Amino acid sequence: MLNLTSIVRKNIQSLVPYSSARDEFKGTDAIFLDANENPFGSLNRYPDPYQRTLKELIADQQNIDSSSIFIGNGSDEVIDLLFRIFCEPNQDKVLTFGPTYGMYQVSADINAVELIEVPLTEQFDIDATSVLPILSDPSLKMIFICYPNNPTGNCFSETEIIQLLENFNGVVLLDEAYIDFSDKPSWNRQIAKFPNLIVCQTFSKAKGLAAARVGIAFAQQAIIQLLNNVKPPYNVSQLNQEAAIQCLENIDKVNQEIALIKDNRSFLQNQLEKLSIIKRIYPSQANFILAEVTDADSVYNQLTRQGIIPRNRSKIIPNCIRFTIGTTDEVTALINALKQLS
Ligand SMILES: *Cc1c(COP(=O)(O)O)cnc(C)c1O
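Residues numbered from 1 in each chain as written. Predicted model: local features only at pLDDT ≥ 70, side-chain atom pairs only at ≥ 80, totals over all residues. Heavy atoms only, no water.

Draft legend 1. Main features of the site of the ligand. The full set close to the ligand counts 13 residues, and Tyr178, Thr202, Ser204, Lys205 and Arg213 are the nearest of them. Residue Asp175 places a side-chain N or O atom 2.7 Å away from a nitrogen atom belonging to the ligand. The side chain of Tyr178 places a nitrogen or oxygen atom 2.6 Å from an oxygen atom of the ligand. Here the ligand loses 94% of its free accessible area of 390 Å² to cover by the protein chains. Grouping the constituent residues of the shell around the ligand by class yields four nonpolar, five polar and four charged. (Near = heavy atom within 4 Å. Polar contact = N/O pair within 3.5 Å; in protein donor to acceptor, adjacent residues only side chain to side chain. Areas by Shrake-Rupley, 256 points an atom, 1.4 Å probe, with all protein chains shown as cover. Nonpolar A, V, L, I, M, F, W, Y, C, P; charged D, E, K, R; others polar.)

Rendered as structure tokens:
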């Protein structure tokens, strides 16, 4: 059972959060003389600090209670806030399974928290049993799981994730940045069952709003409350909120784009299989494919010289390159360039 008082930092437990003008008066139709705003203009008012319209849309579409939703300035903000809520600098630790998303390490470093990176198995899965002995360390506060995993592209076994959730008295963040490209349901269905589960999603990938910076966290209300207490009062700008609302109001368009990207993913996978310089292709549940080549640095340099920029991951997985799935024209250009190298 999760005991929040034993894992939340003392200064956060005793924090008196900033109370904004918009916290204290919530009506809309009034003469606003409370926030020292300029009365003229169209972006002159502070935005809704709790992004209610956006949350209602997410709640409707994902069939989840809006009180279980937090909106961040990108999911990177959610990750940083979780460090600040749960981890005492120079004392606490977090755990992840690598190779994985690089921001967990950077965010840990910024917050002076040690990140333990346990290697994934040969099949890039989690081995929960191997970490069970560390889970009882009281200084271990969080586990980061990227699902589907960046850069390997796969989803980990559900039984391994459940074993971690059930045996850990800290929080588990499931980062679902790529869930819309996978054939798995979101773990946000499971937050009622697991009080220590936090699921985060983003508008940056499938939803096509990387420039807007909007991330979502789903969790039980006690954790959502902590995130609200610690966030900057107006963390998501009016422009960002509007962009995200517009996206969800046109969700059919997003779904069509996702379907096309998944078609292009199969197309790229099939074409890569025919090339002799490709040694191994990792099956992907995301909008990228990780492939092993004979010499990643050379392939990377030759592609970039032709104006095609993949992500060279050879420093973390030998000779591996990650290709984002672009438009059909972009995928075709990539294949043609690779054929010339073959
Ligand atoms: C791209 C990505 C994100 C997105 O972060 P934002 O701050 O929402 O843009 C989060 N997690 C993973 C694993 C990613 O690859």
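Draft legend 2. Broad picture of the environment of Ala108. In this fold, Ala108 is placed in helix H6 (residues 103-110). Along the primary structure Ala108 and Asp329 are separated by 221 residues, whereas in three dimensions their C-alpha atoms are 39 Å apart. Sequence-distant contacts of Ala108, defined by excluding residues within four places in its chain, comprise Phe83, Val113 and Leu115. (Helix = DSSP H or I, 4+ residues; strand = E, 2+ residues; numbered from the N terminus. Contact = heavy atoms within 4.5 Å.)

Draft legend 3. Focus on the sheet that holds strand S7 (residues 215-218). Reading across from one edge, S1-S7-S6-S5-S4-S2-S3 is the order of the seven strands in this open sheet, with mixed pairing throughout. Among the strands making up the open sheet, the edge pair consists of strand S1 (69-72) and strand S3 (114-119). Taken pair by pair, the neighbouring strands of this sheet meet at an average axis angle of 25°, ignoring direction. Sheet contacts for helix H5 (residues 75-86): S1, strand S2 (93-98), strand S4 (140-146), strand S5 (171-175), strand S6 (197-202) and S7; angle to S4, the most-contacted strand, approximately 165°. Lying over the sheet, helix H9 (residues 221-230) contacts S1, S5, S6 and S7, oriented at roughly 30° with respect to S1. (Pairing = 2+ DSSP bridges. Axes fitted to C-alpha atoms, helices over the stretch in contact; angles between N-to-C directions.)

Draft legend 4. Structural view of the pairing of S6. For S6, the tally of buried residues reaches six of six residues, placing the bulk of the element in the interior. When S5 meets S6, the two strands line up parallel, connected through four bridges. From the neighbouring strand, Leu174 faces S6, where its bridge partner is Val199. Direction of pairing for S6 relative to S7: antiparallel, over a ladder of four bridges. Bridging from a neighbouring strand, Thr202 pairs with Gly215 of S7. (Buried < 20%, exposed > 50% of the residue type's maximum accessible area, 1.4 Å probe, protein only.)

Draft legend 5. Focus on the packing of helix H12 (residues 296-305) against helix H13 (residues 328-341). For the pair H12 and H13, interaxial distance at closest approach is 11 Å and the crossing angle is 125°. Classed by the angle they form, the pair H12 and H13 counts as oblique. Between H12 and H13 lies a crossing of right-handed hand. Note on element contacts: H13 touches H12 through Leu334, Ala337, Leu338 and Leu341, opposite Val299, Gln302 and Leu303. Here the contact of H12 with H13 is built from residues that sort into six nonpolar, one polar and no charged. (Parallel < 35°, antiparallel > 145°, perpendicular 65-115°, else oblique. Left-handed = near helix turned anticlockwise from the far one by under 90°.)

Draft legend 6. Looking closely at H13. Between its first and last C-alpha, H13 extends 20 Å over 14 residues, near the 20 Å set by a 1.5 Å rise per residue. Listed in full, the buried residues belonging to H13 are Val331, Leu334, Ile335, Ala337, Leu338 and Leu341. Along H13, the residues classed as buried sweep out an arc of 165° about the axis, all on the same side. When the buried face of H13 is taken as reference, the exposed residues oriented beyond 90 degrees from it are Asp329 and Gln340. On its buried face, H13 sits against helix H11 (251-273), H12 and strand S11 (320-324). (Expected span 1.5 Å × (residues − 1). Arc of directions from axis to C-beta.)

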